[in-house]
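Architecture and fold: a report
Chain by chain, the residues:
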Amino acid sequence: MPSVGATRPSGLGWNRETAALALLSFSMFTVSLDQYIVVVALPDIARDLGYSAQTLQSVISAYAVASAGFLLFGGRAADLLGRRRVLATGLTLYAAAAFVGALATGPGMLLAARAVQGLGGALVFPTTLALINVTFREGRVRNRALGIWGGAGAAGLVIGVLLGGVLTHAFGWEAVFLVNVALALPALLLAFVLIPEDPPRDRSRRFDLPGALSVTLGVTLIVFALVQGPALGWLSPGILVSAAAGLLLLVVFALVERRSSDPLVPPRLLANPSLVTSVVIAFMFMATFGSVLYFLSLHFQLILGYDALETGAGFLVPTAVVVAGSTTAGQLATRFGLRRTLLGALAVGALGAVLLGVAVSPDGSYAELVPGLVALSVGDGIVFTGMFIAAGTGVSDRDQGIASGIASTGSGMGAAVGLALLVLVATAGLGGLTGERLRAGTAQGISNALFAVAAGIALTFLVALFRSEGQPEGQPAPTPLPACQGRRC
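Residues numbered from 1 in each chain as written. Predicted model: local features only at pLDDT ≥ 70, side-chain atom pairs only at ≥ 80, totals over all residues. Heavy atoms only, no water.

1. Overview of the overall build of the protein chain
What counts here: Helix and strand assignments come from DSSP, with helices taken as H or I runs of at least 4 residues and strands as E runs of at least 2, each series counted from the N terminus. Computation of the radius of gyration draws on C-alpha atoms, with the globule rule given as 2.2 Å multiplied by the number of residues to the power 0.38. The classification of residues rests on relative accessible area computed with a 1.4 Å probe and restricted to protein chains. Under 20% of the type maximum is buried, over 50% is exposed, and intermediate values are partly exposed. For every accessible area listed, the method is Shrake-Rupley and the probe measures 1.4 Å; residues are considered covered only by the protein chains on display. Positive charges come from Lys and Arg alone, negative charges from Asp and Glu alone, with His and the N- and C-terminal ends not counted. Where a charge lies is defined by one atom per residue type: Lys uses NZ, Arg uses CZ, Asp uses CG and Glu uses CD.
When helices and strands are tallied, the protein chain shows 17 helices and zero strands. Compactness check: the protein chain gives a C-alpha radius of gyration of 21 Å against a globular reference of 23 Å for 489 residues, within 12% of the reference. In terms of its C-alpha atoms, the protein chain occupies a principal-axis envelope of roughly 65 × 45 × 45 Å. Expressed as a percentage of its 489 residues, the buried residues of the protein chain come to 59%. Accessible area of the protein chain: about 18,400 Å², with a carbon and sulfur share of 68%. On the protein chain, the mean spot of the 28 positive side-chain charges and the mean spot of the 23 negative ones are 11 Å from each other.

This is how it looks when you write it as structure tokens:
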């Protein structure tokens, strides 16, 4: 791939760079798939491995906690240690952990495998984004490339639920782990063919190990507290200690960064308003759009009475729409400006969440959900790609890895915070209910959560509007949510 200063592709015709883009998009699809592929398989996993209703959610949270905690580490490691090297390491960890997960004979073994999978994903995610940003010139071509990459990532989130249902129904829950091995191993082999060898390490740059350890442990503990708070109780000793220790470690991280000659997060990146805006939007995106899949899966199974296969099939419509939205987002951003594209997508997404909230009821049907599913999925796909276009804008090649890590950490934190809060909204008032009253209360709770999602998306709309208001497009330096073709928003 081109090094800094090398001639970059002016188009996406078939060449080595395009082949590498296909591999990076496939790698992104693979790690995105795993975030939700086990959701539909959870009842079978609980039965075979002995999980209780209180501990079953840890199968999801183990991945989320490890992934969110190590994203900054993964992004900086890609910049300093070599992007191909870090990508290969991440894919290796991901495939090995998935294989161990399929062989798990108890809860502890599975949770350990899920945590290592999360670590592998945390290395792969920011590295694929950084490799695309240093390969393709900022503007039209990079926007198109990120549209393909974003389409793959967004599709992985939704297809995970669909594929999880099909595999669980046909082969058992072990198949949702083995499919990750089948996907990650070819990607690992092709990485050594399509990604050029890393250049010699720049010895003038050092890895800020104290900063990396403090921020990784701090974020991990905070995400753990947010994910486990609803199950363990927000005032339980474990949650309070985890949250306090996490916040303390983030303070330590800030002090370490002030004294470091080569900080993990260079101050110049925090002065880039486009990156800062992308982090806020990524946080809000995963707290809202990213949480809907969980509640839809509950609605399909608990309210509509779908089995694993039917639940997976229920995600066919949003999958198709999300992929279409993500892949066209780059072209929309080039033509209309990134700010207009994001604002339009957020407005459509908020409308979709409202329509879904209205349609969810104990006596509702799938057909009544379709208008909301389509509108929400349009916004989901476009915003997912758009926020990562913003993350790499105005960032030098040497910092693309850490910039990607910062944005993806925002998304990981948002997923934890959003789901924790929305679960509280959805389960409020369900205590003591049984039978049909519990079913009706669950449907009302899911509806309330979707209305809360709509409110969160509306808040994200205001963030995008405020951060970009009055800012011209096409400036050479970082600008809030810029477009690249000299247009104004």
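2. Things to note about a nonpolar patch on the surface
To keep it simple, the criterion reads: Residues form patches when they are more than 30% accessible in relative terms and have no salt bridge. Like charges link within 9 Å. Nonpolar side chains (Val, Leu, Ile, Met, Phe, Trp, Tyr) link within 5 Å. We define a salt bridge as a contact between a side-chain nitrogen of Lys or Arg and a carboxyl oxygen of Asp or Glu at a distance within 4 Å.
Where nonpolar side chains cluster on the molecular surface, the patch consists of Phe 99, Val 100, Leu 103, Met 109 and Leu 178 and spans about 420 Å² of accessible area. Judged by relative accessible area, which is 48%, Leu 103 ranks as partly exposed.

3. Thoughts on the packing of aromatic side chains
As a reminder, the rule being used: Each aromatic pair joins two rings of Phe, Tyr and Trp (for Trp, the six-membered one) with centres within 6.5 Å, and gets the label stacked for planes under 30 degrees apart, edge-to-face for over 60, and tilted for any other angle.
Applying the stated criterion across every chain yields a total of 13 aromatic pairs. On the basis of an interplanar angle of 90° and a centroid distance of 6.0 Å, the ring pair of Trp 173 and Phe 177 is categorised as edge-to-face. Across this residue pair, the class does not change: Trp 173 and Phe 177 are buried. One aromatic cluster is present, built from ring pairs that chain together Phe 125, Trp 149, Phe 285, Phe 289, Phe 384 and Phe 388.

4. So, the packing of helix α3 (residues 58-81) against helix α5 (residues 107-135)
Formally: All axes here are fitted lines through C-alpha atoms, helices being fitted over the stretch that makes contact, and every angle between N-to-C directions spans 0 to 180 degrees. Throughout, a crossing is termed right-handed when the near helix is turned clockwise from the far one, and left-handed when it is turned anticlockwise from it by less than a right angle.
At a closest axis distance of 6 Å, the pairing of α3 and α5 adopts a crossing angle of 35°. When you trace α3 past α5, the crossing you get is right-handed.

5. Description of the nonpolar core
To keep things clear, this is the line we draw: We define a nonpolar core as any set of buried Ala, Val, Leu, Ile, Met, Phe, Trp, Tyr and Cys residues linked to one another through side-chain atoms lying within 4.5 Å.
In this structure, Trp 149, Phe 295 and Phe 384 are the most contacted members of the largest nonpolar core, which totals 143 residues. At 13 residues, the largest contribution of residues to this core is made by helix α11 (residues 273-303).

6. So, the packing of helix α15 (residues 366-392) against helix α16 (residues 400-427)
This is how it is decided: Under this scheme an angle from 65 to 115 degrees is roughly perpendicular, one under 35 degrees roughly parallel, and one over 145 degrees roughly antiparallel; angles in between are oblique. Two residues qualify as a contact provided that any one of their heavy atoms is within 4.5 Å of a heavy atom in the partner residue. Here the term charged refers only to Asp, Glu, Lys and Arg, the term nonpolar to Ala, Val, Leu, Ile, Met, Phe, Trp, Tyr, Cys and Pro, and the term polar to all other amino acids, Gly among them.
Two elements in contact, α15 and α16, have axes whose closest approach is 9 Å; the angle formed by their N-to-C orientations is 140°. What the angle tells us is that α15 and α16 run oblique. Viewed along their axes, α15 and α16 form a crossing whose handedness is right-handed. Contacts between α15 and α16 pair Phe 388, Ala 391 and Gly 392 from the former with Gln 400, Ala 403, Ala 407 and Ser 408 from the latter. Across the contact of α15 with α16, the residue classes break down as four nonpolar, three polar and no charged.

7. Section: the environment of Arg 259
Relative to the elements of secondary structure, Arg 259 occurs in helix α9 (residues 237-259). Arg 259 gets classed as exposed once you look at its relative accessible area, which sits at 77%. Along the chain, Arg 259 and Tyr 306 lie 47 residues apart, while their C-alpha atoms are 56 Å from each other.

8. Points about helix α8 (residues 209-232)
The criterion, for reference: Here a helix's expected span is defined as the number of its residues, less one, multiplied by 1.5 Å. Bend is the name given here to the angle between axes fitted to two runs of seven residues, the run ending at a residue and the run starting at it.
Here α8 contains 24 residues, and its C-alpha end-to-end distance of 32 Å stays within 8% of the 34 Å for a straight helix at 1.5 Å per residue. Maximal helix bending in α8 amounts to about 30°, located at Leu 226; proline Pro 230 follows within four positions. Where α8 ends, the next residue or the one after it, Gly 233, has phi of about 100°, a positive value.

9. Observations regarding the environment of Gly 372
Residue position: Gly 372 is located in helix α15. Separated by 49 residues in the primary sequence, Gly 372 and Val 323 have C-alpha atoms spaced 16 Å apart. Excluding residues within four positions of it along the chain, Gly 372 makes contact with Gly 352, Leu 355 and Leu 356.

10. Section: the environment of Leu 33
Note on placement: Leu 33 falls in helix α1 (residues 16-33). In this structure the C-alpha to C-alpha distance between Leu 33 and Ile 159, which are 126 residues apart in sequence, comes to 6.7 Å.

11. With respect to the side chain of Ser 377
Inclusion rule: Two N or O atoms form a polar contact when they lie within 3.5 Å of each other; inside protein one atom must be a possible hydrogen donor and the other a possible acceptor, and for residues adjacent in sequence the pair counts only when both atoms belong to side chains.
In this structure, Ser 377 sits in helix α15. In this structure Ser 377 comes out as buried when scored by relative accessible area, which is 5%. Polar contacts involving the side chain of Ser 377 include one to the main-chain carbonyl oxygen of Leu 373, which spans 2.7 Å. Apart from residues no more than four positions distant in its own chain, Ser 377 is found in contact with Pro 318, Val 321 and Val 322.

12. What about the pattern of salt bridges?
Per the stated rule, a full pass over the model turns up ten salt bridges. Across the pair Arg 114 and Asp 34 runs a salt bridge whose closest N-O atoms are separated by 2.6 Å. Residue Arg 114 is found in helix α5, and its partner Asp 34 is found in the loop between α1 and α2 (42-49); the two are separated by 80 residues along the sequence. Here Arg 114 falls in the buried class, since its relative accessible area comes to 0%. With a shortest N-O distance of 3.9 Å, Asp 79 and Arg 76 are connected by a salt bridge. With Asp 79 and Arg 76 both in helix α3 and three residues apart, this pair spans about one turn of that helix. The exposure classification of Asp 79 matches that of Arg 76, with both residues buried.

By themselves, these observations are geometric and do not establish any function.
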